[in-house]
Amino acid sequence: LQAELKLVSRNFPYYEFNPYVSIFFDVAYKLELNNLAWELRGKLVPNLTLSVATLNTAIEELRRLGKMERFKAKLRNFRRVADKNFIEVKRYINGMFSVYSRLMVVRLDLGYSRTLADIDIEKEVEHRNVSKDRVEFFKALNKLAKDKMVGFVWKLEYGLDKFYHYHLMLFFDGSQVQEDVMWAKRAGEIWVSEVTNGDGVYFNCNSKKYLYRDCGIGIVEHHDQKKRENLMLAASYLTKPDYYLRMVLPGKSRALGKGLAPKIPAKKMGRPRSLVQ
C-alpha cells in the first residue's frame, strides 16, 4: 500500500499490468490508500475507526470488481497468451526430440550491469538496442557452436532492479557436447565481453543445478520421461502468466521468441521411439 503507484506506472513503460494488479491500482487511487498506509505507520492514528472502515471498503470494492464479467474476460485474455506460448514452446521442444535422441539444455539469464539501470543512462539504452544485442549474441554463439546448438527459446523482461534482461534456454545436440556448465559459461562470456563490451552480466543456471528440486536442464535423454517433464516445467517458467506485469513492446517487437522448428527426416532408421507427450 505504501508503493508509489504513479512511479511504478511511469517506470514500466512497456508493460501491461495483470488484471488483478490493475483493479488494485484503481481502488488504491480511488480511496487514497497510499496516504492511509503512511498514516497507519505512525504510533498515533488520527481516526483508527475510519481507517479500518476505509480498508474494509477497499476489500469490498476489490471483490465487486473481481466478480465483473469485464474483469474475468481480461483475466482470460491475460492467461491465454501465456498458454498459447507454452503450447508452442512445448511443441518446439518435442520437435527437437523427434530429431535428436539426446539434448543438452542450458538455462542462462543475460542482463546489464546496475549502472545501466540509472534513470539517466536508461534513456540511452533503448529497446531497439537491447534487441540488437540479442541478435549479435546469437550470431556470435552460432559462430562458436556451429551445428552443435540446435535450438533456443528467449524471453525479454524489464524491471526497475534488473532493467532489461533475457531469460534463455539453449539446446545443443547431446551426441556432440555434454559440458553444459562450460557452454553456459561460454555463452555468458560472449554476452559480457563481445556483445556489451563489459556492460553486461549473466547468471549460469546450470552451475546451480543442485538448487532445482525437479531439474530439467543439463543432459536430457529422449526416453527419460521424468527428465523431459522437468524440462517442460523449466520451459513453463519462460512462458508463465506474469503475476504483476506483462511486457508489451511497440510495433512488431516480441517479448518471447524461439528458433526454427527442426526438419524431421522423411524416413528414420532403427526401432521407432515411444512418444512422450
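Model, not experiment: these values are computed from the prediction.

### With respect to the nonpolar core
What tends to happen in soluble globular proteins is that the nonpolar side chains get buried as a cluster. In this structure, Phe-137, Leu-168, Leu-170 and Phe-172 are the most contacted members of the largest nonpolar core, which totals 38 residues. Counting only elements with at least two residues in this core, the list comes to β1 (15-17), α2 (19-31), β2 (102-112), α7 (127-145), β3 (149-159), β4 (163-173), α8 (180-195) and β7 (245-247). A total of seven residues in this core trace back to one element, the largest contributor, which is α8. Once you skip the residues sitting within four places of it in the chain, Leu-170 turns out to touch Met-104, Val-105, Val-106, Phe-138, Leu-141, Met-149, Gly-151, Phe-152 and Ala-187. Grouped together as the second largest cluster of nonpolar side chains are 21 residues, Leu-103, Val-105, Met-169 and Ala-235 included.

### Section: the packing of aromatic side chains
Counting across every chain of the model gives 11 aromatic pairs. A ring pair is formed by Tyr-112 and Trp-191, whose centres lie 5.5 Å apart and whose planes are at 65 degrees; its orientation type is edge-to-face. Of the two residues, Tyr-112 sits in strand β2 while Trp-191 sits in helix α8, which places them 79 residues apart along the sequence. Trp-191 matches Tyr-112 in its accessibility class, with the two residues each being buried. Linked through ring pairs, Tyr-112, Phe-137, Phe-138, Phe-152, Trp-154, Tyr-166 and Trp-191 together constitute an aromatic cluster. Over the ring of Phe-97 we find Arg-228, and its NZ or CZ is 4.0 Å from the ring centre. Taking the ring centre of Tyr-237 as reference, the NZ or CZ of Lys-240 above it sits at 4.3 Å.

### Things to note about the pairing of β3
Put simply, side chains in a regular strand alternate between the two faces of the sheet. When you tally the buried positions in β3, you get 11 out of 11 residues, the bulk of the element. Here β3 pairs with β4 via 10 bridges, running antiparallel. Opposite Leu-156, over in β4, you have Tyr-166 as the bridge partner.

### Some words on the confidence of the model for the chain
Counting all residues, the mean pLDDT for the chain is 85, and 86% of those residues have values of 70 or more. Per-element confidence in the chain is highest for α8, whose mean pLDDT is 96, and lowest for helix α6 (residues 119-122), whose mean pLDDT is 50.

### So, the pattern of salt bridges
With the rule as written, the count across this model stands at 11 salt bridges. A salt bridge links Lys-258 to Glu-88; its shortest N-O distance comes to 3.9 Å. In this pair, Lys-258 is assigned in strand β8 (residues 256-258) and Glu-88 in helix α5 (residues 69-97), connecting sequence segments 170 residues apart. Accessibility expressed as a relative area gives 26% for Glu-88, which makes it partly exposed. Glu-189 is paired through a salt bridge with Lys-185; the nearest N and O atoms lie 2.5 Å apart. Placement of the pair is Glu-189 and Lys-185 together in helix α8, with a separation of four residues, close to one helical turn. In the salt-bridge network here, residues are joined through shared partners; they are Lys-30, Glu-61 and Arg-64.

### Here we look at the packing of α5 against helix α9 (residues 225-239)
Relative orientation of the contacting elements α5 and α9 amounts to 140 degrees, with a least axis distance of 9 Å. It follows from the interaxial angle that α5 and α9 lie oblique. As α5 runs across α9, the sense of the crossing is right-handed. Two secondary-structure elements touch here, α5 through Ala-82, Asn-85, Phe-86, Val-89, Lys-90, Ile-93, Asn-94 and Phe-97 and α9 through Arg-228, Leu-231, Met-232, Ala-235, Ser-236 and Thr-239. Partitioned by chemical class, the residues of the contact of α5 with α9 number eight nonpolar, four polar and two charged.

### Quick notes on the side chain of Asn-18
Among the secondary structure elements, Asn-18 is positioned in the loop between β1 and α2. Among the polar contacts made by the side chain of Asn-18, one reaches the main-chain amide nitrogen of Tyr-20 at a distance of 2.9 Å. With residues near it in sequence (within four places) discarded, Asn-18 still touches Leu-75, Phe-78, Asp-242, Tyr-243, Tyr-244 and Leu-245.

### Section: the environment of Arg-79
Summarising the element assignment, Arg-79 is placed in helix α5. Each C-alpha atom, one on Arg-79 and one on Pro-241, is 5.8 Å from the other, the two residues being 162 residues apart in sequence.

### Concerning helix α3 (residues 33-41)
The set of residues buried in α3 consists of Leu-33, Asn-34, Leu-36 and Ala-37. Along the long axis of α3, the arc covered by the buried residues comes to 160 degrees, so they all point the same way.

The rules we used
Residues numbered from 1 in each chain as written. Predicted model: local features only at pLDDT ≥ 70, side-chain atom pairs only at ≥ 80, totals over all residues. Heavy atoms only, no water. Core = buried A, V, L, I, M, F, W, Y, C linked by side-chain atoms within 4.5 Å. Buried < 20%, exposed > 50% of the residue type's maximum accessible area, 1.4 Å probe, protein only. Helix = DSSP H or I, 4+ residues; strand = E, 2+ residues; numbered from the N terminus. Contact = heavy atoms within 4.5 Å. Phe/Tyr/Trp six-rings, centres within 6.5 Å; stacked < 30°, edge-to-face > 60°. Lys NZ or Arg CZ within 6 Å of the ring centre and 35° of its normal. Pairing = 2+ DSSP bridges. pLDDT = per-residue confidence, 0-100. Salt bridge = Lys/Arg side-chain N within 4 Å of Asp/Glu carboxyl O. Axes fitted to C-alpha atoms, helices over the stretch in contact; angles between N-to-C directions. Parallel < 35°, antiparallel > 145°, perpendicular 65-115°, else oblique. Left-handed = near helix turned anticlockwise from the far one by under 90°. Nonpolar A, V, L, I, M, F, W, Y, C, P; charged D, E, K, R; others polar. Polar contact = N/O pair within 3.5 Å; in protein donor to acceptor, adjacent residues only side chain to side chain. Arc of directions from axis to C-beta.

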